[in-house]
Amino acid sequence: MGLSGSIRIAIIASGAAALLWAGGAAAQTAYAVGQGSPNSITVPIQVTASVGGACGFDIAPDGDYFFANLDLGFTQDTVFAINCNGASRVAVTSANGGLLAGGTAPNGFSLIAPYTVELSLVGDDSVTAAASCAAADLALSAASPCSFRGTASEIVGLELGGPADGTSQSYVRISAPAYSGPEALVAASGYEDTLTVTLAASL
Amino acid sequence: MKRLLIASAAFAGAFALAGAAAAQDLDGTITIEGSVGAKCSAVGAFGETVDLGELAGANGQLASGLSLTRTYSVICNGANVGVSIDATSLENETVLTAPTGYARVIAYVAQVDINTVENPGSAADVFTLTDDSGDAAESSGSLGAGVFVANSAGNITISADTFDAGTDLLIAGDYSAEIVVTLTPS
């Protein structure tokens, strides 16, 4: 003789606090076919994920240059390669806002030689970006900071709007024509400046 | 018998995965150094031919009041520029020997005045050199440590006066002389 009838047991979803059920924590019971309904329960598992921006220089923009008679003009490229899995930004700061020599200049003379910094960024699939700034506008103290002045971040710097696999050559170009400013550049041997070029993943 | 299927919770519910950024160089440094050599350059013409016209007065002797002044502009970007002035007397170009009572050579004094500046805020000054055309040697000097040729228009003036031929009569003909001013950057 066996028992008959039915026993219905309600299983209430519970457990560790880390357990999250989409659609609420309602009890769900599934029955074997022919024993009741439903015959299955679905447990939705929400999975979210992301891939963080991974960025770096495969070839960093490093350089050390000397220009004799810089008042006659100069130009120099520093090549670098971006390796980012998404959009990125490059920013530049100038320590002196130009090539600066020590000492004191009399009226009508100057100890700072201006020059221009041009950024040319190249990524995958012919995605490019370019901009140029006067070194004076790349100094942290610049009254009118230029578009890519600062330390690169998700929102600071010239944006390259797509990924780059590190094989395309970007460059920083520094240049100046023959000096023709109203103040004469003082004869000196110690004109100098330092550019810091930084990279970050963009939003 | 009913069989229950119980959904097991062998997982931690909704979860998120975030990719970690790989460690790579994120900055570069470009160091730039340079020099500016000392130099002087003329703005426009520096030098010319000056026609003094008739040198003799009505009595055939040297006319009085002869003089010349010319102003030029130069840019020198270094301090302590060297300066020299060398003047030759006015001489008759065709008559090489003057008889007694006549003169073929006229001496004078040439002068160069250079506007100068020193430290910011200091008063402008003038550097002066003179040279007697009758003296074969040139006159030379330098502006001085920390002293610059002022960066302004008309910063060099060359003049000549004190023309002298004694009381002799001037021999007729063309006369010529030369005043050479040299700036040497240091």
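Heads up: these notes are all about the structure in this document. Just so we're clear, the structure is a prediction, and the values are computed from it rather than from any experiment. (Residues numbered from 1 in each chain as written. Chains lettered and ligands numbered in written order. Predicted model: local features only at pLDDT ≥ 70, side-chain atom pairs only at ≥ 80, totals over all residues. Heavy atoms only, no water.)

By the definition in use, this model includes six salt bridges over all chains. Of the charged contacts, one joins B:Lys39 and A:Asp71 as a salt bridge, the two residues approaching to 2.7 Å between their closest N and O atoms. One end of the pair, B:Lys39, is in the loop between strand S3 (27-36) and strand S4 (40-42); the other, A:Asp71, is in the loop between strand S4 (63-67) and strand S5 (74-84), on a second chain. Taking relative accessible area as the criterion, B:Lys39 reaches 29% and is therefore assigned partly exposed. The class for A:Asp71 is buried, based on a relative accessible area of 11%. B:Glu91 is the salt-bridge partner of B:Arg104, the closest N and O atoms lying 3.3 Å from each other. In this pair, B:Arg104 is assigned in the loop between strand S9 (102-103) and strand S10 (105-117) and B:Glu91 in strand S8 (residues 90-92), connecting sequence segments 13 residues apart. Relative accessible area serves as the criterion here: at 14%, B:Arg104 is assigned to the buried category. In this structure B:Glu91 comes out as partly exposed when scored by relative accessible area, which is 35%. (Salt bridge = Lys/Arg side-chain N within 4 Å of Asp/Glu carboxyl O. Helix = DSSP H or I, 4+ residues; strand = E, 2+ residues; numbered from the N terminus. Buried < 20%, exposed > 50% of the residue type's maximum accessible area, 1.4 Å probe, protein only.)

With that out of the way, let us pick up the layout of surface pockets. Residue and element names in this part refer to chain B. Here the largest pocket is characterised by a volume of approximately 700 Å³. Forming the walls of the largest pocket are 30 residues, and the residues nearest its centre are Val50, Leu52, Leu68, Leu90 and Ala177. Residue assignment for the lining of the largest pocket shows that the elements contributing at least two residues are strand S5 (68-72), strand S14 (156-164), strand S16 (175-176) and strand S17 (179-184). Partitioned by chemical class, the residues of the lining of the largest pocket number 19 nonpolar, five polar and six charged. Taken as a whole, the second largest pocket spans an internal volume of roughly 270 Å³. Its residues placed into classes, the lining of the second largest pocket shows six nonpolar, five polar and three charged. (1 Å grid on protein atoms, 1.4 Å probe; cavity = no way out; pocket = protein on both sides within 12 Å on 5 of 7 lines; lining within 4 Å. Points joined across faces, edges and corners; volume = space filled by probe spheres on them. Nonpolar A, V, L, I, M, F, W, Y, C, P; charged D, E, K, R; others polar.)

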